[in-house]
Amino acid sequence: MSLADAGSSKPKAAPNRVAQAQAQARPTLVLVALFLLAAAVAGAVPHSTGPWLPLHLALAGALLLAISGVTQFLGVTWGAAPAPNATLVMTQRVLIAAGTVMVAVGREVPADALTGLGGLLVIAGLVVLIVILVGIGRNALQRRLRPAIVAYVAGALLGLVGITLGAILGSGGGGGWYGQLREAHATINLLGLSGLVIAGTLPFFVATQAKVKPSKRATQRAQFGMQAVMAVALVLAVVGLLGEWKVVATAGFGLYAATLLALVGLLPNLGGKQFHWAGPRLVQASASIAWWIGGVTLAAVHAADGRAPISGAVIPALAIGAYVQLLVASLSYLGPVLVGGGHQRLTANFAITRSWVGLVAGNVVAIAACAGLGRPIYAGALAAWTVDGTVRATLLIRSRLRPEV
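Residues numbered from 1 in each chain as written. Predicted model: local features only at pLDDT ≥ 70, side-chain atom pairs only at ≥ 80, totals over all residues. Heavy atoms only, no water.

## Quick notes on the packing of helix H12 (residues 314-339) against helix H15 (residues 375-401)
Where H12 meets H15, the closest approach of the two axes is 10 Å, and the angle between their N-to-C directions is 15 degrees. Taken together, H12 and H15 sit at an angle that is classed as roughly parallel. Regarding H12 and H15, the two cross each other, and that crossing is left-handed. Across the interface between the two elements, Ile320, Val324, Gln325, Val328, Gly335, Pro336, Leu338 and Val339 of H12 pack against Trp385, Leu396, Ser399 and Arg400 of H15. Class assignment for the residues of the contact of H12 with H15 results in 8 nonpolar, 3 polar and 1 charged. (Axes fitted to C-alpha atoms, helices over the stretch in contact; angles between N-to-C directions. Helix = DSSP H or I, 4+ residues; strand = E, 2+ residues; numbered from the N terminus. Parallel < 35°, antiparallel > 145°, perpendicular 65-115°, else oblique. Left-handed = near helix turned anticlockwise from the far one by under 90°. Contact = heavy atoms within 4.5 Å. Nonpolar A, V, L, I, M, F, W, Y, C, P; charged D, E, K, R; others polar.)

## So, the side chain of Ser399
In this fold, Ser399 is placed in helix H15. Ser399 sits in the buried class, given a relative accessible area of 2%. The residues contacting Ser399, other than those within four sequence positions of it, are Val339, Arg345 and Asn349. (Buried < 20%, exposed > 50% of the residue type's maximum accessible area, 1.4 Å probe, protein only.)

## Focus on the layout of surface pockets
Quantified by volume, the second largest pocket comes out at close to 880 Å³. As for the second largest pocket, its lining consists of 31 residues, and the residues nearest its centre are Trp52, His56, His185, Ala186 and Asn189. Mapped by element, the contributors of at least two residues to the lining of the second largest pocket are helix H3 (52-79), helix H4 (86-108), helix H5 (112-139), helix H6 (146-170), helix H7 (178-210) and H12. In the lining of the second largest pocket, the residues fall into 21 nonpolar, 8 polar and 2 charged. (1 Å grid on protein atoms, 1.4 Å probe; cavity = no way out; pocket = protein on both sides within 12 Å on 5 of 7 lines; lining within 4 Å. Points joined across faces, edges and corners; volume = space filled by probe spheres on them.)

## What to know about unusual backbone geometry
Cis geometry marks the peptide bond from Val109 to Pro110, where omega comes out at -5 degrees. Positioned with a positive phi, Ala80 is a non-glycine residue whose angle comes to about 55 degrees. Locating Ala80 in the fold gives a position in the loop between H3 and H4. For Ala80, a relative accessible area of 8% gives the class buried. At Glu244, a residue that is not glycine, the phi angle is positive and equals roughly 55 degrees. Tracing the backbone shows Glu244 in the loop between helix H8 (220-243) and helix H9 (246-264).

## Overview of the nonpolar core
Side chains of a nonpolar character, in soluble globular proteins, are inclined to be buried together. Formed by 117 residues in total, the largest nonpolar core has its most connected members in Val32, Leu191, Leu202, Phe253 and Trp292. Setting aside its immediate chain neighbours within four residues, Leu191 contacts Leu196, Leu234, Phe253, Tyr256, Trp292, Val296, Leu318 and Tyr323. (Core = buried A, V, L, I, M, F, W, Y, C linked by side-chain atoms within 4.5 Å.)

## Points about the confidence of the model for the protein
In the predicted model, the protein carries a mean pLDDT of 90, and 96% of its residues have values of at least 70. Here residues 1-9 is a poorly scored stretch, pLDDT under 50, and it has 2 contacts once near neighbours within four places are set aside; other chains count. (pLDDT = per-residue confidence, 0-100.)

## Section: the packing of aromatic side chains
The final tally for this structure, using the stated rule, is 5 aromatic pairs. Centre to centre, the rings of Phe205 and Tyr333 are 5.8 Å apart; their planes meet at 90 degrees, and the pair counts as edge-to-face. With Phe205 in helix H7 and Tyr333 in helix H12, this pair connects stretches of sequence that are 128 residues apart. Of the residues examined, Phe205 reaches a relative accessible area of 6% and is grouped as buried. Taking 5.4 Å as the distance between ring centres and 65 degrees as the angle between the ring planes, the aromatic pair formed by Trp277 and Phe350 counts as edge-to-face. Residue Trp277 is located in helix H10 (residues 272-278), and its partner Phe350 is located in helix H13 (residues 343-352); the two are separated by 73 residues in the primary sequence. Taking relative accessible area as the criterion, Phe350 reaches 10% and is therefore assigned buried. (Phe/Tyr/Trp six-rings, centres within 6.5 Å; stacked < 30°, edge-to-face > 60°.)

## Brief notes about the packing of H7 against H8
Between H7 and H8, whose axes approach to 9 Å, the crossing angle comes to 170 degrees. Considering the angle they form, H7 stands roughly antiparallel to H8. When the residues that make up the contact of H7 with H8 are grouped by side-chain class, the tally is 15 nonpolar, 7 polar and 1 charged.

## Concerning the environment of Gly99
In this fold, Gly99 is placed in helix H4. In the structure, Gly99 is positioned 155 residues away from Gly254 in sequence and 33 Å away in space, judged by C-alpha atoms. Apart from the residues lying within four places of it in its own chain, the contact partners of Gly99 are Val94, Gly118, Leu121 and Val122.

## Some details on helix H11 (residues 280-304)
Counted at 1.5 Å a residue, the expected span for H11 with its 25 residues is 36 Å, and the 36 Å between its end C-alpha atoms agrees. At the exit of H11 stands Gly306, carrying a positive phi of roughly 85 degrees. (Expected span 1.5 Å × (residues − 1).)

## Concerning empty space enclosed by the protein
Think of a ball as big as a water molecule: rolled over the atoms, this probe shows where empty space is left. Evaluation of the coordinates by the stated rule reveals 3 cavities of 30 Å³ or more. Here the largest cavity defines a volume of roughly 270 Å³. Forming the boundary of the largest cavity are 19 residues, of which Val70, Ile198, Thr201, Leu326 and Ser330 lie nearest the centre. Those elements that provide at least two residues to the lining of the largest cavity are H3, H7 and H12. Per-class residue counts for the lining of the largest cavity are 16 nonpolar, 3 polar and no charged. Quantified by volume, the second largest cavity comes out at close to 60 Å³. Residue lining of the second largest cavity: Ala21, Gln24, Ala25, Thr28, Gly69, Gln72, Phe73, Pro84, Val89 and Gln92, and that is the complete set. Secondary-structure elements contributing two or more residues to the lining of the second largest cavity are helix H2 (17-42), H3 and H4. Among the elements that make up the lining of the second largest cavity, the one with the highest residue count is H2 (4 residues). Of the residues that constitute the lining of the second largest cavity, the class distribution is 5 nonpolar, 5 polar and no charged.

Pasting the structure below:
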């Protein structure tokens, strides 16, 4: 050890942590793409569980796996933490993927026992994810990431509640409380598990996508405050749903929507230069935030009218317009990064994922689903989105297999 090293009190980041985190994230994001493809196919072919199956594959499969992989990857890279144990990461990935498939098969057959077992595997996968994220948070050198790690762990804990409710309902439980528990299940998973994780990521990830610094407004105090208000809003919404108190539920959904507007204020200021570089990736991320706000606002209107808040157009607005679209926008940035290679390959791969076709098709799918425009428009746009994404993913994989010149 040199005198300089001995006299330095500043801890150093673990060597090879980024390469290890990339290697762990790649198979997870491949599974994400496969679940998205399966969801698209399920949305176009006849089956016994109707819209539930594609939604389950897209949200419980693709989105939950993306949350698993991306939170770990960003925690290591942004927080300068050592990469988690590879076996633990693989176990967590397999539990989520296998559990999701078992729930899907169990509902289609139907077989309540298989559905319940699949739910237990997903719950176990979330528990492992929490263990991994807590370890990353403890070992992170960059403390500015604390709000994101707290949001990730809080979202995963809420996911345990929401998925447990889903496992109970899917395996034939719920009794006379079935309707209220179903609404609570959907609300906790969509606005708690998914919502908190995304809210904790956006202030950093939008800056990364746009190649700018995070906003000075996104202080730790501001981010923790926003997360606390979102949690309070979620509790109000769920309590209102369980107690069938529409004023309380309306207040919860309304407060949540207002907090999302505050979240936009924590994002970096973007100009023509940023949109020119990121192109449709950044436009699609922006559109997904607008869908998110709109979907939650509509849920508040439903609650005020005495209807089930997470119903009708709210479901495709949140599932497709907000979350799947944001997932696709995120993959179009992370894909080239995880493929790796030198500067020229990275630039070329970013060009591959600049898809205006995917941007337009994704929004048409969401609009058609919300407005009930009929199968030709919905199916055509979904096919275009699926084919476009599949072609671009194939080109990225070929790029990784091809030696760099």
